[in-house]
Amino acid sequence: MKIHFKISYYTHWGQRLLVSGNIPELGNNDLSKALILNYHSPEDWSGEIEVIQGENFQLNYKYILFTEQSGQYIQEWGDDRNLNLEVLKIEHYFCLDTWNSPGNVENVFLSTPFQQVLLRHDKTEAMSNQPQKYTHIFKVKMPLLNKDEVLCLIGNSEALGNWSTNNPIMLSQAENNYWIAKVDLSKTKSEVHYKYGVCDKESKQFRYFESGPDHIAPIYNSKKTVIQLCDGFVRVSNNSWKGAGVGLPVFSIRTKNSFGVGDFGDLKLLVQWAEKVGLKLIQVLPLNDTTGTHTDADVLPYAAISAFALNPLFLNLPAIGRLPESHPLQQKYDIKQTELNSLDLVSFLEVINYKLQYAKELYLLHKDKFLKNKDFKTFFKNNEYWLAPYAAYCVLRDQFGTFDYRKWEDFSQYDSKKIAEFSSPDQPHFGDIATNYFIQYHLHNQLSEAANYAHEHDVVLKGDIPIGVNRNSVDTWVSPELFHMNMQAGAPPDMFAVKGQNWELPTYNWEMIERTGFDWWKKRYAQMSNYFDTFRIDHILGFFRIWQIPFNQIEGIMGHLNPSIPIHINEFAEKGIWFDYNRYCKPYITDSILYDFFGDETNWVKINCLQIEDGWSYRLKEEYQTQLSVENLYVEGQISERVKWGLFDLISNVLFFKVESSNGTQFYPRFGMESLRSYRDLDNYSKERLRELYVDYFFKRQDSNWYQSGMEKLPALKRATNMMICGEDLGLMTPCVTAVMKNLGILSLEVQRAPKSNKIEFSCPADAPYLSVVTPSTHDMSTIRGWWEEDRDVTQRFYNSQLGHWGEAPFFCDWWICRDILLQHLYSPAMWSIFQMQDLLSISDQIRRPNPHEERINVPSNSMNSWRYRMHIYMEDLLEKEEFNAELRNYITQSGR
């Protein structure tokens, strides 16, 4: 039997279409051995294979776009092209297909949150019996079909009703969300024109046709031929579905039973409230374990010690069991719970230390029964790849008194055999090892239970995947080859952090990660899918390029973009500039600058920190040339705080950073060059020419390179999960990021006060693309009310230009202003409107928090003192605010969400 493949696809020069599948003739899913299709003008591609008919088997295949110049394979979306090849007397099987782009909006509705929760309904049984004899199979999808509707098929032949809507052919639901109809067109002499339509499920009454031109089915006059027409998606409006959600860190939930922090059990009350007011989604911050130092530094949710382990902070203690009444921890429980739950902020160390002690004592009480538990054994088997090294890491961290595993002597380098021996039940510290198993097992059960509860109430959970991991994490210990440990990830300066951000996280070795088939990332996604339906990729720009800071520098301003095309030394000459390495690449220091930076301590700095070179130039002494060495001197008490910050500013007062591996021929421009004293003291001609190089580097020359970088990673990672993916694409945006996200169907993030164009002050929710999330604020920003009071001129312009109100803006953000902003976002064309809980509560004078400046979750420039925000109202009490809840529900439902 010959199987023929045909598909229409517009290609560019140097591109080819391939077919890959699970049989040798299609390369056994090896893309390099896939079947190469033949090109037929204007945009048709076709090919054929011959298979020997024997036993029944299922052929799974997909189309691939191959670009010769880059060697890149782009796969169409999905793994659902299946042929069940029965032992029939068929000589030819034609597959006439439609390319399924990952960017098709309809594919989002086939992702987990919609299929498992938001659009779930029972499959429709066949509306008519499928004929035994058929020549054509029609296949199509329509994920937004209503529960009371079915698809039908009508065309210009007698078998298809001659365009009559009175008795159309009803399609039946099949696997993989397809609707199919098998039709005998053997008596038809010429090609058939047809369309799909929608009928009432009960009455069979025809409702409407799809839009667009007719589909055309060829007729081959052969009794031993079957033609399968896979028409992709029914052509109907696909941007009508919209939803609203709430964003709230789990630690911020406050219930009457909370132990001073929100936990996984508290999520259920948040789900109840979301359902009550018509919200379909709950978004949380990262939930991974951050316990590295047993200090307040562990509060940062984006610096996890494991990309897989959950944070014991969120453990609901009553749900795992009760200690004997005589136990000191049990005797303290009620008093401690009342004390901690009365606090305005999370007392992080008190809470987590008590929970860890309680869980350990409970494990010791039930250890024999626990270790024999069948459910635990299954959990351990499924998660051993991360759980075993994580548990050993936790014990070694405590034994050595540091999470810097380089100081762990024989265990400084991970060795699976050594760790297996270290974790053996025969070891005296096995109780400590198994306590971590116990905690993670219960965290898994509690979060799974909360997720199931949300699904039962038609609410989906949205997780958060940080762009990086802690430098001293289990992940870098076990797989250091996947990271650049001599570099740090961060962000360039912006409105939130004028000196940039240094997250102190190692950057990824993407070349090595790709060699492993993205195994670590795929496992990370799989772990997320245990609990979440959708997730936010933190700093998705990092998949295109990362802001990379050398390990010996502290401030984000000392970084550069990686990968990027640096400025070559010859480009200075082409601009008519003599390249002065000492002037451009070393700190620019004058007496005036020294006095401005150090004031009364200037003479001390001159004597102790500087030296004279070339007879007149001030240069930093070697021990003061990096910010890390300066920081160490400050910690040791050798310099004052003012001197430290002044030296930091001196070190960063350079125009270019040398590319270390370039032998002095390539350079990265310092971000924000025009604000530097070094730049301002140049002659006007040099300023203009350097600015041209700066603009070209940051905003022009990188785009195609970054597009390629993103396409090397994100398609493979998107294929690894069926969760809906949202990207946090704020920051230094370039067109390539928008293009890749659109092509892959990844939802963008649109924040009203953080537009992606520097030509406008505010973005308008009404202009947001459909595949996006609109929000008035994020956890890294002040809330609506807090922002309103930050800059009077900005809020005045917002009040007049965005809200459309005349006159002077109120000094404080009254409830009706918050309501107007809420409605702007609810009526946006974006698929999702997601609001911080604080912003939702702000539309009520009675419920909102009195002081808006107590509502902010994180200040990026002061993260160590952030991440402790708690709701000021119990969820139980919020559920009883009937008037407010009804008003909020009315706003949401009236907007069509």
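Going by the structure above, here's the rest.
Everything numeric here is computed off the predicted structure, so don't read it as measured data.

A. Expanded view of the packing of aromatic side chains. Evaluation of the coordinates by the stated rule reveals 77 aromatic pairs. With centroids separated by 6.4 Å and ring planes inclined at 15 degrees, the aromatic side chains of Phe308 and Trp386 adopt a geometry described as stacked. Here Trp386 lies in helix 7 (residues 374–400) and Phe308 lies in the loop between strand 20 (281–283) and helix 4 (317–320), a separation of 78 residues in the sequence. Under the relative-accessibility criterion, Trp386 is labelled buried at 5%. Through a chain of ring-to-ring contacts, the aromatic side chains of Phe308, Tyr385, Trp386, Tyr390, Phe483, Tyr508, Trp510, Trp520, Trp521, Tyr525, Phe535 and Phe543 assemble into a single cluster. Sitting over the face of the ring of Trp706, Arg545 holds its NZ or CZ atom 5.6 Å from the ring centroid. The cationic tip of Lys644 hangs over the ring face of Trp645; the distance from NZ or CZ to the ring centre is 4.2 Å.

B. Just the nonpolar core, in detail. Trp273 and Leu690 are the most contacted members of the largest nonpolar core, which has 204 residues in total. Considering each element in turn, this core owes the most residues, 13 residues, to helix 9 (residues 430–456). With residues near it in sequence (within four places) discarded, Leu690 still touches Phe572, Ile577, Tyr584, Leu655, Phe656, Met673, Tyr679 and Leu682. Grouped together as the second largest cluster of nonpolar side chains are 29 residues, Val150, Ala181, Val183 and Val198 included.

C. Local environment of unusual backbone geometry. Here Asn562 and Pro563 are connected by a cis peptide whose omega angle stands at 0 degrees. Note that Pro563 resides in the loop between strand 26 (560–562) and strand 27 (567–568). Located in the positive-phi region is Asp458, a residue other than glycine, with phi close to 60 degrees. Structurally, Asp458 can be placed in the loop between helix 9 and strand 21 (460–465). Residues other than glycine seldom take positive phi values, yet Glu504 does so here, at roughly 60 degrees.

D. Just the pairing of strand 24 (residues 534–537), in detail. Where burial is concerned, the two faces of strand 24 agree: the one with Thr534 and Arg536 and the one with Phe535 and Ile537 are both buried. Summarising the sheet, strand 21 and strand 24 pair through four bridges and their orientation is parallel. By the bridge assignment, Gly463 is partnered in strand 24 with Phe535. With four bridges connecting them, strand 24 and strand 32 (residues 724–727) associate as parallel partners. Bridging across to strand 32, Ile537 finds its partner in Gly727.

E. Inspection of the state of the cysteines at higher detail. Overall, the coordinates contain zero disulfides when judged by the stated rule. Cys230 carries a free sulfur, and the closest cysteine sulfur to it, the one in Cys95, is 9.0 Å from it. Here Cys813 stays free of any disulfide, with the sulfur of Cys818 as its closest cysteine sulfur at 3.5 Å. The exposure class of Cys813 is buried, given its relative accessible area of 3%.

F. Fine view of the pattern of salt bridges. On inspection of all chains with the given rule, the structure shows 46 salt bridges. Arg207 serves as the salt-bridge partner of Asp148, at 3.3 Å between the closest nitrogen and oxygen. Of this pair, Asp148 sits in the loop between strand 10 (136–141) and strand 11 (149–155) while Arg207 sits in strand 16 (residues 206–209), and the two are 59 residues apart along the sequence. The exposure class assigned to Arg207 is partly exposed, which follows from its relative accessible area of 35%. A salt bridge links Arg536 to Glu728; its shortest N-O distance comes to 3.5 Å.

G. Looking closely at the sheet that holds strand 33 (residues 748–751). Pairing in this open sheet of eight strands is parallel, and the strands run 32-24-21-20-19-35-34-33 from one edge to the other. Looking at which strands have only one partner, the edges of the open sheet turn out to be strand 32 and strand 33. Strand-to-strand twist across the sheet, computed as the mean angle between neighbouring axes with direction ignored, equals 25 degrees. Bridge analysis of strand 19 (residues 243–247) against strand 35 (residues 832–836) gives five bridges, and the strand direction is parallel. Looking at the pairing, Gly245 lines up with Ile834 of strand 35. The strands touched by helix 25 (residues 815–826) within the sheet are strand 19, strand 34 (772–775) and strand 35, with strand 35 carrying the most contacts at an inclination of about 150 degrees.

H. Up close: the sheet that holds strand 31 (residues 666–669). Pairing within the open sheet is antiparallel, and its three strands lie in the order 27-31-30. Only two strands of the sheet have a single neighbouring strand rather than two, namely strand 27 and strand 30 (656–658). In this structure, strand 30 lies alongside strand 31, joined through three bridges in antiparallel fashion. Its bridge partner being in strand 31, Phe656 is matched across the sheet by Pro669.

Here is what the cut-offs are and how they apply
For every chain, the first residue of its written sequence is number 1, and the numbers climb from 1 along that sequence. Only residues with pLDDT of 70 or above have their local features reported here, since the model is predicted, and side-chain atom pairs are shown and tallied only from 80 upward, although totals for entire chains, interfaces and linings are computed over all residues. Hydrogens and waters are ignored; side-chain quantities use all the structure's heavy atoms. Each Phe, Tyr or Trp ring, with Trp reduced to its six-membered ring, pairs with another whose centre is within 6.5 Å; inter-plane angles below 30 degrees give stacked pairs, above 60 give edge-to-face pairs, and intermediate values give tilted ones. Put simply, DSSP marks the helices as runs of H or I at least four residues long and the strands as runs of E at least two long, and each gets a number from the N terminus on. Only protein chains enter the calculation, and the probe is 1.4 Å; a residue is then buried if its accessible area is under 20% of its type maximum, exposed if over 50%, and partly exposed in between. By definition here, charges over rings are those cases where NZ of Lys or CZ of Arg is within 6 Å of the ring centre and within 35 degrees of the ring normal. In this text, buried Ala, Val, Leu, Ile, Met, Phe, Trp, Tyr and Cys residues form a nonpolar core when linked through side-chain atoms within 4.5 Å. In this analysis, two residues are considered to be in contact whenever any of their non-hydrogen atoms come within 4.5 Å of each other. Paired strands, as defined in this entry, are two strands with at least two bridges between them according to DSSP. Cysteine sulfurs are considered disulfide-paired once they come within 2.5 Å of each other. Here a salt bridge means any side-chain nitrogen of Lys or Arg lying within 4 Å of a carboxyl oxygen belonging to Asp or Glu. Between the N-to-C directions of two axes lies an angle of 0 to 180 degrees, each axis being a line fitted to C-alpha atoms and, for a helix, fitted only over the stretch in contact.

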